[in-house]
Amino acid sequence: MNHMKVTSSITYIFFSLLTILTLQACNPKSADSSTTSASPQPWLVNMNDAQAQSVKDQKPILVYFTSSDTCGLCEQLETDIFSTPMFKEWAEKKVVLFEVDASTLSQLPAGSQEQNTAMARSLKVSTYPTFWMLSVTHEVENGRFKIKPIGYTGYHPSPEKLIGALQNFVRR
């Protein structure tokens, strides 16, 4: 019986530590951080705007799923990748940038929370960061978007690796 209690206690401690480490990996940046990212083009937050820009520029839409209030890796992307000249130049030439924020704490523009939740659900996004490359058309007769997924990927630690993964989708 004592052996079961010890095993149960060790299991509890293990899962508690695992939970703590997971939460620390996804902690938002501290409030005093003054890092801002400058992109070659703004990350659009409205599908109407992204789709219109995509048609105008004849480029696919790079959808960046983030959770700005809980994702530490997303904060790293801002400083380590999105602000680099390499990513800026690539994005300017190849894609329309569209951000889908699953944050519950941030003040999102009106309608964004519903749009973002619906997009994450339809593309089955459950972890952040996630990137989807999409071709989107607007069906005027019913006011809906027709989304053609091209491919998706998760976090990559450098601009070279992220661009490499995304470039495979642009070629399709």
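See the structure above.
Worth saying up front: this structure is predicted, and the values here are computed from it rather than measured.

Asks: Would you take a moment to explain the overall build of the protein for this structure?
Replies: Looking only at helices and strands, the protein features six helices and four strands. When the elements of the protein are put in sequence order from the N terminus, they spell out α-α-β-α-α-β-α-β-β-α. The buried share of the protein, reckoned over its 172 residues, is 37%. Of the roughly 10,500 Å² of accessible surface on the protein, a fraction of 58% belongs to carbon and sulfur atoms.

Asks: What am I meant to see in the packing of aromatic side chains here?
Replies: Two aromatic rings, taken as a pair, are described by how far apart their centres are and by the angle between their planes. Following the criterion strictly, the structure yields eight aromatic pairs and no others. Aromatic pair Trp43 and Phe82: ring centres 5.0 Å apart, planes at 50°, arrangement tilted. A residue pair is termed long-range when its members are at least 10 positions apart, and Trp43 in the loop between α1 (2-25) and α2 (47-57) and Phe82 in helix α3 (residues 72-82) qualify at 39 residues. Assigned by exposure class, Trp43 and Phe82 land together as buried. Relative to Phe131, the ring of Phe82 lies with its centre 6.3 Å away and its plane at 85°, an arrangement referred to as edge-to-face. One end of the pair, Phe82, is in helix α3; the other, Phe131, is in strand β3 (residues 130-139), and 49 residues separate them in sequence. For Phe82, a relative accessible area of 0% puts it in the buried group. On the accessibility criterion, Phe131 (0% relative accessible area) is buried. In this structure an aromatic cluster arises from ring pairing among Trp43, Tyr64, Phe82, Phe87, Trp90 and Phe131.

Asks: In this structure, what is going on with the state of the cysteines? I would like to understand it.
Replies: In the structure shown here, the tally under the stated rule is one disulfide. Each sulfur in the disulfide pair Cys71 and Cys74 lies 2.4 Å from the other. Across the S-S bond of Cys71 and Cys74 the torsion is about 80°, and the bridge reads as right-handed. No difference in accessibility class separates Cys71 from Cys74, as the two residues are buried.

Asks: For this particular structure, what's the right way to read the nonpolar core?
Replies: Nonpolar side chains tend to gather and get buried jointly when the protein is soluble and globular. Ranked by size, the top nonpolar core spans 20 residues in total, and within it Leu62, Phe82, Phe87, Trp90, Phe131, Met133 and Leu166 carry the most contacts. Of all the secondary-structure elements, those providing two or more residues to this core are β1 (61-66), α3, α4 (85-94), β3 and α6 (159-171). Residues in contact with Leu166, not counting those within four places in the same chain, are Leu62, Trp90, Phe131, Met133 and Thr153. Listed in part, the 16 residues of the second largest apolar core include Ala50, Val100, Met119 and Ala120.

Asks: What should I look at first to understand the environment of Pro60 in this one?
Replies: Positionally, Pro60 belongs in the loop between α2 and β1. Here the alpha-carbon distance between Pro60 and Phe169, two residues 109 residues apart in the chain, equals 9.2 Å. Beyond its immediate sequence surroundings of up to four residues, Pro60 is in contact with Ser54, Lys94, Val95, Val96, Met133, Leu134 and Ile150.

Asks: Quick question: what am I supposed to make of the pairing of strand β2 (residues 96-101) here?
Replies: Sheet faces and side chains relate simply in a regular strand, where the side chains alternate between the two faces. Burial runs high along β2: six of the six residues are buried. By the alternation rule, side chains of β2 split into Val96, Phe98 and Val100 and Leu97, Glu99 and Asp101, which are all buried. Summarising the sheet, β1 and β2 pair through six bridges and their orientation is parallel. Directly across from Tyr64, in β2, lies its bridge partner Glu99.

Asks: I keep staring at the side chain of Ser103 and nothing clicks. Help me out?
Replies: Inspection of the secondary structure assignment puts Ser103 in the loop between β2 and α5 (112-122). Judged by relative accessible area, which is 0%, Ser103 ranks as buried. A distance of 3.3 Å separates polar atoms of two side chains, one belonging to Ser103 and the other to Asp69.

The rules behind each value
- Residues numbered from 1 in each chain as written.
- Predicted model: local features only at pLDDT ≥ 70, side-chain atom pairs only at ≥ 80, totals over all residues.
- Heavy atoms only, no water.
- Helix = DSSP H or I, 4+ residues; strand = E, 2+ residues; numbered from the N terminus.
- Buried < 20%, exposed > 50% of the residue type's maximum accessible area, 1.4 Å probe, protein only.
- Areas by Shrake-Rupley, 256 points an atom, 1.4 Å probe, with all protein chains shown as cover.
- Phe/Tyr/Trp six-rings, centres within 6.5 Å; stacked < 30°, edge-to-face > 60°.
- Disulfide = S-S within 2.5 Å.
- Core = buried A, V, L, I, M, F, W, Y, C linked by side-chain atoms within 4.5 Å.
- Contact = heavy atoms within 4.5 Å.
- Pairing = 2+ DSSP bridges.
- Polar contact = N/O pair within 3.5 Å; in protein donor to acceptor, adjacent residues only side chain to side chain.

Geometry only, nothing functional implied.
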